[in-house]
Every structure is written in C-alpha cells, then in structure tokens.
Amino acid sequence: MATSDSSVDADADAFLAQAHQRLRQAVAARGDSTEPAPAVLARALSALPRAGQPEFLEGRGPKAALSHILDTIVPALNGQALSGRYLGFVTGGILPVAEAADNIVSALDQNLGVHLPAHSAGTAVEHAALGMLVALLDLGDDAAWPGRTFTTGATASNILGLACGREAVIAARFKSAAAAASSTMPAPAPVTVAEAGLLAACQAAGVREIQVLTSMAHSSLVKAASVLGLGHAAVKELPASADEPWRLDLDAVERELARDPAVASIIAVSAGEVNTGRFATNALDMPKLRSLANRYGAWLHVDGAFGIFARALPQTDEFLSLRANTAGLELADSITADGHKLLNVPYDAGIFLCRDAAIQTQVFSNPNAAYLATPPPAPTNKTATTTPTTTPIHSPLNMGLENSRRFRALPVYATLLSAGRAGTAEMLARMVRLARAVAGFVRDSPDYEWLPDPNAPLESTHIIVLFRARNAALNEVLVDRVNATRALFVSGTSWAGRKAARIAVSSWRVDVDADFAVIKRVLTTLAAEANAAAAVGEAVSAS
Ligand SMILES: *Cc1c(COP(=O)(O)O)cnc(C)c1O
C-alpha cells in the first residue's frame, strides 16, 4: 500500500488527537479514588498477554492497543496523580502545565546528551531550568553551581553526589600524601578514580577506607554506596540521640573525620528524613559542617529530595522553623533534589547540583568519543545572543549517568515559568498546612498517637506525619483499613519497633479544608469501630 508522506502525517495527527481526547475521558471516568477497586485490578491482571495464548504478540494495531490500555489498564492504576489524598511514599502529583510540557517532550523526543547550541535550544533550556531552581531554593550565586544536571531521580543524584565526593576526597588525600612525601620535587600527576580505578587511586593516595557519615540516611544513599564500590558498611549512622535519631551528631562527625588520616570521608546530610520528615541539621550546624569538611578534606553532600523545598515556602513566621532546619544547605558541595516529588512534575525528574564541575566532568565524561565532542564550554560573551546565562553549559552526557537523555527539564521549566516563586510557595504551603492539620488531629485525638515526639511543636511538621493507633488491634490493621477506603492512601512503616502509619502530603491538588475533613472522618470512623469492637471483646478484622 503506497501512502504519501502527508497522509501518513495526517493519520498520525488524527490518531494522536483522538488518543489525547480518549485519555482525558478515561482519566475523568477513573475519578479520584486513591486505589483501583480489587475487581478492576484483577480484571487488568487477567487481561495481560500471556505466552502460549494464540493471539500472543499478534499485532492488534494502534487503535486496539490504545483501547486495551485505556479501558483495562488505566482503571487499574492508582490515583497518585489524581487525588490530593494519595499520601503514600512521597509521590508528588503532576501540575497540568507540567503534564502538557511532558507531552511536548514526548512529541518532539529530543535527545539532550550533547550541548549543540547552534542546532537546538534544548540544553540551554535545561541549564535555565536548573538556574531557576538554584534561585527558587535560594542557593546563592548561579555561577557557584556550574555542575548541574537533571537525573532520573534522587537515587541517581545521590549516586552522582557520592561519586563526586569519592573522586574529590581521594584527590585531596593524594595531594596531601604527595606534599608530605616531598616538598622539593614537582608534584606527581594525580592518580584518579576516574582514570586508574578505585583500588589504585586509594593505594596511591594512602586511603584505606572511605566512609559516609550521616543520620537516618535514605535507603538510596546506602544503595549508592554499594554501586560506587564503597559498600553498605561505609555508611555510618551518627544520630544525635535516641530521641532524635534523624539529627546528625556533629561531635561524632568530627571524631570520625579526625580518626585516621588513611580514612577519607563524605558527609551526607538528610534534609529531611523520609519517615519523620525531620531534618539532620539546623541553622548553626551547616556552617560547622562546612568548616569541618574544609579542615579534614571531606565532601559535604545534602540529600534534600523533598525536604530542601522547605526553602521555597513563603517567607512568613508560619514556616520559620522549617527555614531554620534548612538554613545553610547552600554550603554543601553537592545537592540532591527531586522534581517529581514536591515540585509536581512527572517522573522521572531528579536534580543534581555540584559546586565542582571539574570533578563532576572528571567522573562522568565519555572518554575518546569524538562524535560526542562539543567545544569546551566558555562563559557566554555578554554581547552574544545565545543564552541568558554566564555559567558555562556542559554537555549533559559528561555530567551524569546517561548518554541518551529525555528532555526532562521541560516540565520543570514550564512549572517554574507558570507558577513562579509566589505560586510555587503557595502550592508548597498548602501541603504543609494539610500535614500540620493532620498532625494536630492525631496529637489531640484520644485514639491516636503522634510520633516520633507527641510534645513537639506543630511547626516541626513539614509534609510528613507519623502516627499510630492507640488501640493495638487497630494499629495492626490500620494501614490496610485506611487504604481499603480508597478515599485516602497512607504508607505503613515502623517506629521504635512497632507498626506505624505515615502520611506524606505532596500534591498540588491539596485542598486543605476538604482533604483534612476526609482524613479526619476516615480516622475517626476507624477508631470508633475499633473501640466498639473492643467493648464487646472482638478483634478488629482486616477488612
Ligand atoms: C525519595 C527519596 C530518595 C529517592 O528518590 P527517587 O526519586 O525515588 O530516586 C532519596 N532520598 C530521599 C530523602 C527521598 O525522599
């Protein structure tokens, strides 16, 4: 069958336009339930193609494929993007403008690996979006963060942070070992991890151990330590106290830094901690950590996946203590943040910022690939019209893990362009207000216990609330019972060895009063049922 190019285009356009319209209908039909009904989920699972079926891998054509997805799969997905009461994990929702931008990303399918300023605006947009984030998060001079890139998520950003840290702390040890060996001879060429590998570089630098000093690190940081050949055991928990395990013990950090010159250290600040939402440092701690890192040649990394966005809250008394807990984070050498959580752009959008672009490119450059080469970045000439920044743009494929890369900057760019500082602050404030309303409710309720510290000020709450039911039987099944309502979704966790429930408010859809009313009703009803059951001596059933 011969078709002209224009009819192919027309067919593709008609298909896509119809697909988009049908998607909107399917989303509307799905509603805002936080989870699919069990029967809908079962139907989807039984409809998946199975090897051995006669029609397996028999092409159905685009229309039938789309119908299958919209009619069968979409209703069986959860409501994390569609409900302000999906409070599990820290998922974030998706702002309409970010979704529209993400559709553009797919439609144009740019590969943002190489910086080609004469051929595409893509990398300049990515650079600008990251510059807008530096300003939104109040991290100081744009030029102080020449190492910047979008990653697949905070996990990848933590890998980048520890990789840069590993490279830098070994380089620092190598330099001091070479200086100690001879003050008269010219310095030997450095033996780097990038070039010689971890074992040879450690040996040349006299490094026997690399440790990561932290408090209540996110599991992905421990994973990063494995990926980078440091090992899970390299991650050392230094809690300030048993009551505040999320806070970093600065005296212990200093003891570890001073322990042995053959031990090199990366300090990783949990800003904030994913179970409690609390922060490792306060306003006074970060300057102290900075000077300790300088004195001992350590790298200072901040994992601020969701917590660092507290810095973008409105500058009012309401959020004063959150600002104190996130003050000084700009003193880090590298920072992890997530766009796909509180910023409400779609997956996958992680953010990585680094003060040392030379170390970052040393780790992540593609060596010997002439076809990927771009001219070395030069600061943009003031009279040039190419980009509105003076911070050089590097080819992204030399700044992170991937070579081929989705244009994941565009939804962030769209969001910040649309909401600006004030709109973003207002969205973030709504999340905090709902979390604080729930924290106040569980604190004051006779049926629930606010964790980790029932006497903490409400203002210590950012977007996470940890709690348990006082009725032990209800507490056992609390998360299942809450989630079965499909009006609300919470995560199960454990605290101090006992089951606990945890909410994380992270969607732009939050309507503080309306959502709080639903949360309060669900928790009140479940407690009343459990109390009634206890009165007649029955256990609470799981459903
Ligand atoms: C979510 C989270 C991560 C992991 O982020 P992904 O985007 O899921 O890779 C890392 N650190 C913290 C503190 C987090 O909350």
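Residues numbered from 1 in each chain as written. Predicted model: local features only at pLDDT ≥ 70, side-chain atom pairs only at ≥ 80, totals over all residues. Heavy atoms only, no water.

1. Some remarks on the overall build of the protein
Move 1: A tally of regular secondary structure across the protein gives 16 helices and 11 strands.
Move 2: For 543 residues, the compact-globule estimate of 2.2 N^0.38 gives 24 Å, and the C-alpha radius of gyration of the protein, at 26 Å, lies within 12% of that figure.
Move 3: Referenced to the eigenvectors of the C-alpha coordinate spread, the extents of the protein come out at roughly 85 × 75 × 50 Å.
Move 4: A buried classification covers 50% of the 543 residues belonging to the protein.
Move 5: Within the protein, counting contacts between residues at least 6 apart in sequence, those at least 24 apart form 76% of the total.
Move 6: Surface exposure of the protein reaches about 24200 Å², of which carbon and sulfur atoms provide 58%.
Move 7: Here the protein carries 45 positive and 51 negative side-chain charges, and the mean point of each set is 2 Å from the other. (Helix = DSSP H or I, 4+ residues; strand = E, 2+ residues; numbered from the N terminus. Rg over C-alpha atoms; globule rule 2.2 N^0.38 Å. Buried < 20%, exposed > 50% of the residue type's maximum accessible area, 1.4 Å probe, protein only. Contact = heavy atoms within 4.5 Å. Areas by Shrake-Rupley, 256 points an atom, 1.4 Å probe, with all protein chains shown as cover. Lys, Arg positive; Asp, Glu negative; His and termini not counted. Charge placed at Lys NZ, Arg CZ, Asp CG, Glu CD.)

2. Re the packing of aromatic side chains
Move 1: Summed over all chains, the structure comprises 6 aromatic pairs.
Move 2: Measuring from centroid to centroid gives 6.4 Å for Phe89 and Phe489, while their planes differ by 20 degrees, and the two rings are stacked. On the criterion of sequence distance, the pair formed by Phe89 in the loop between helix H3 (62–73) and helix H4 (96–108) and Phe489 in the loop between helix H15 (472–484) and strand E10 (491–495) is long-range, its members being 400 residues apart.
Move 3: Between Trp246 and Trp495, the aromatic rings sit 6.5 Å apart at their centres with planes inclined by 35 degrees, giving tilted as the arrangement. One end of the pair, Trp246, is in the loop between strand E3 (235–237) and helix H10 (250–258); the other, Trp495, is in strand E10, and 249 residues separate them in sequence. The exposure classification of Trp246 matches that of Trp495, with both residues buried.
Move 4: Among the aromatic residues, ring-to-ring pairing joins Phe441, Tyr448, Phe467 and Phe516 into one connected group.
Move 5: Between Arg355 and the ring centre of Trp145, over which it is positioned, the NZ or CZ distance is 4.3 Å. (Phe/Tyr/Trp six-rings, centres within 6.5 Å; stacked < 30°, edge-to-face > 60°. Lys NZ or Arg CZ within 6 Å of the ring centre and 35° of its normal.)

3. Notes on helix H14 (residues 409–444)
Move 1: Taking 1.5 Å of rise per residue, the 36 residues of H14 would be expected to cover 52 Å, yet its terminal C-alpha atoms sit only 43 Å apart, more than 12% below that figure.
Move 2: Within H14, the axis deviates most sharply at Gly420, by approximately 95 degrees. (Expected span 1.5 Å × (residues − 1). Bend = angle between axes of the 7 residues up to and from the residue.)

4. Digging into the UniProt feature "modified residue: N6-(pyridoxal phosphate)lysine" (unreviewed entry) in the protein
Move 1: Residues given the UniProt feature "modified residue: N6-(pyridoxal phosphate)lysine" (unreviewed entry) here are Lys341.
Move 2: The contact partners of Lys341, leaving out residues within four places of it in the chain, are Val90, Thr91, Gly92, Gly93, Ala305, Phe306 and Ser506. (UniProt positions renumbered as here; feature names shortened; annotations may be inferred.)

5. Observations regarding the site of the ligand
Move 1: By nearness alone, 14 residues border the ligand, and Thr155, Asp303, Asp338, His340 and Lys341 come closest of all.
Move 2: In the environment of the ligand, an oxygen atom lies 2.7 Å from a nitrogen or oxygen atom belonging to the side chain of His340.
Move 3: In this structure, an oxygen atom belonging to the ligand sits 2.8 Å away from a side-chain N or O atom of Lys341.
Move 4: The fraction of the free accessible surface of the ligand (380 Å²) that becomes covered by protein chains is 84%. (Near = heavy atom within 4 Å. Polar contact = N/O pair within 3.5 Å; in protein donor to acceptor, adjacent residues only side chain to side chain.)

6. As for the packing of H4 against H14
Move 1: Where H4 contacts H14, the two axes come as close as 8 Å, and the packing angle between them is 145 degrees. For the crossing formed where H4 meets H14, the hand is right-handed. In this structure, H4 contributes Val97, Ala98, Ala101, Asp102, Ile104 and Val105 to the contact, and H14 contributes Leu410, Pro411, Ala414, Thr415 and Ser418. (Axes fitted to C-alpha atoms, helices over the stretch in contact; angles between N-to-C directions. Left-handed = near helix turned anticlockwise from the far one by under 90°.)

7. Re the state of the cysteines
Move 1: A complete count under the given rule lists 0 disulfides for this structure.
Move 2: Cys354 supplies the cysteine sulfur nearest to Cys164, a cysteine that is in no disulfide, at a spacing of 4.3 Å. (Disulfide = S-S within 2.5 Å.)

8. Some words on the pattern of salt bridges
Move 1: The tally for this structure, following the rule as stated, stands at 25 salt bridges.
Move 2: The salt bridge involving Arg405 is made with Glu126; its shortest N-O contact spans 2.7 Å. One end of the pair, Arg405, is in the loop between helix H13 (357–364) and H14; the other, Glu126, is in helix H5 (residues 122–136), with 279 residues separating them in the sequence. No difference in accessibility class separates Arg405 from Glu126, as the two residues are buried.
Move 3: A salt bridge links Glu330 to Arg311; the nearest nitrogen and oxygen atoms lie 3.0 Å apart. Taken as a pair, Glu330 in the loop between helix H12 (320–325) and strand E6 (334–338) and Arg311 in the loop between strand E5 (299–303) and H12 lie far apart in primary sequence, 19 residues in all.
Move 4: For Arg311, a relative accessible area of 10% corresponds to the buried category. (Salt bridge = Lys/Arg side-chain N within 4 Å of Asp/Glu carboxyl O.)

9. Quick look at H13
Move 1: What H13 keeps buried is the set Ala357, Ile359, Gln360, Thr361 and Phe364.
Move 2: Looking at the buried positions of H13, the neighbouring elements they touch are strand E1 (147–151), helix H6 (154–181) and strand E7 (350–354).

10. As for the domain arrangement of the protein
Move 1: Considered domain by domain, the protein is made up of domain 1 (11–75), domain 2 (123–180 + 190–366 + 393–418) and domain 3 (421–542).
Move 2: For domain 2 versus domain 3, the distance between C-alpha centres works out to 31 Å.
Move 3: Its largest share of buried area at the contact with domain 3, domain 2 owes to Asn275, Arg278 and Leu342, together 25% of the area lost on that side.
Move 4: Across the pair Glu318 and Arg433 runs a salt bridge, and its minimum N-O distance is 2.8 Å. (Domains from an automatic or database assignment. Buried area = accessible area lost by both parts, 1.4 Å probe.)

11. Examining the pairing of E7
Move 1: Counting buried positions along E7 gives 5 out of 5 residues, so the element sits mostly inside the fold.
Move 2: Side chains of E7 alternate between two faces, with Gly350, Phe352 and Cys354 and Ile351 and Leu353 buried alike.
Move 3: When E1 meets E7, the two strands line up antiparallel, connected through 5 bridges. For Arg148, the partnering residue across the bridge sits in E7 and is Leu353.
Move 4: Note that E6 and E7 share 5 bridges and pair antiparallel. (Pairing = 2+ DSSP bridges.)

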